[in-house]
Amino acid sequence: TKEVIDRAKFQPQLVEASVTKDDVAFLGNDPGSDVDEAWWDERVVQWFDVPEEEKPAEERKRVLVIVDEMQAIPGADYEAMLSELGKYGASFVMATQSLARLEDLSRTLRETVFANIGCLVAFQVSASDARYLTWEFDRDQVSEADLTSLSVHHCYVRATVGGEKLPTFSMALRPPEDGDPSA
């Protein structure tokens, strides 16, 4: 949130020097009902040790925030995080099952997310999501039918590398290896 960003910029004594294992222990787990805006504020502040804008870009601490099922985490101000924290070294990997779920969080969240995307990956999606995504992937190359009929482990990718937007491409991923049934 803006308050968190301001605290990190102007009150560095309130920011811890390093990210600990406990700071990211919630990843991959359901954080539960204890997660609220104050919890997020505390976590985000802990990721930065001093005002990052005062450091040369090559010295800024890089932080990767991975959020699966982003719509399921209450209290997170994704719009503020996306629009501001990239300036301080944060990158985001965000996933959701449906773009409509973003609308449930905020009327403007979908537009904010898409305005900040460097790499967009879409596996098989619903027809309503496909209607929106065809514009993001270049409507002349990827149709709604393409997006709704993708096979398992196949996706479309739109990436920006070194500031250059690459043409949309499709990709097949290796399926996961079979697990140990005795485990």
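Residues numbered from 1 in each chain as written. Predicted model: local features only at pLDDT ≥ 70, side-chain atom pairs only at ≥ 80, totals over all residues. Heavy atoms only, no water.

K.L.:
I would appreciate a short explanation of the overall build of the protein chain in the present structure.
P.N.:
Helices and strands together make up the secondary structure of the protein chain, namely seven helices and six strands. Per-residue burial over the protein chain gives 35% buried out of 183 residues. Long-range contacts, defined here as pairs at least 24 residues apart, represent 60% of the contacts in the protein chain between residues at least 6 apart. Taken as a whole, the protein chain presents about 11,200 Å² of accessible surface, with 51% of it coming from carbon and sulfur. (Helix = DSSP H or I, 4+ residues; strand = E, 2+ residues; numbered from the N terminus. Buried < 20%, exposed > 50% of the residue type's maximum accessible area, 1.4 Å probe, protein only. Contact = heavy atoms within 4.5 Å. Areas by Shrake-Rupley, 256 points an atom, 1.4 Å probe, with all protein chains shown as cover.)

K.L.:
I'm lost on the packing of aromatic side chains in this one. Help?
P.N.:
Between two aromatic rings, the relevant description is the distance of the centres plus the angle of the planes. Applying the stated criterion across every chain yields a total of two aromatic pairs. Measuring from ring centre to ring centre gives 4.9 Å for Phe-114 and Tyr-132, while their planes differ by 65 degrees; the resulting arrangement is edge-to-face. Of this pair, Phe-114 sits in helix α5 (residues 109-115) while Tyr-132 sits in helix α6 (residues 127-137), and the two are 18 residues apart along the sequence. Aromatic pair Phe-137 and Tyr-156: ring centres 6.4 Å apart, planes at 55 degrees, arrangement tilted. Taken together, the residues span a long stretch of sequence, with Phe-137 in helix α6 and Tyr-156 in strand β4 (residues 154-161) at a distance of 19 residues. In this arrangement the basic side chain of Arg-110 is found over the ring face of Tyr-132, its NZ or CZ atom lying 4.0 Å from the centre. (Phe/Tyr/Trp six-rings, centres within 6.5 Å; stacked < 30°, edge-to-face > 60°. Lys NZ or Arg CZ within 6 Å of the ring centre and 35° of its normal.)

K.L.:
I'm lost on the pattern of salt bridges in this one. Help?
P.N.:
Any two side chains of opposite charge can pair, so long as their charged atoms come close to each other. The final tally for this structure, using the stated rule, is four salt bridges. Notably, a salt bridge pairs Glu-136 with Arg-158, separated by 2.8 Å at the nearest N-O pair. With Glu-136 in helix α6 and Arg-158 in strand β4, the pair connects residues that are 22 residues apart, well separated along the chain. One network of salt bridges, in which partners are shared, links Glu-103, Arg-110 and Glu-111. (Salt bridge = Lys/Arg side-chain N within 4 Å of Asp/Glu carboxyl O.)

In short, shape yes, function no, at least from these values alone.
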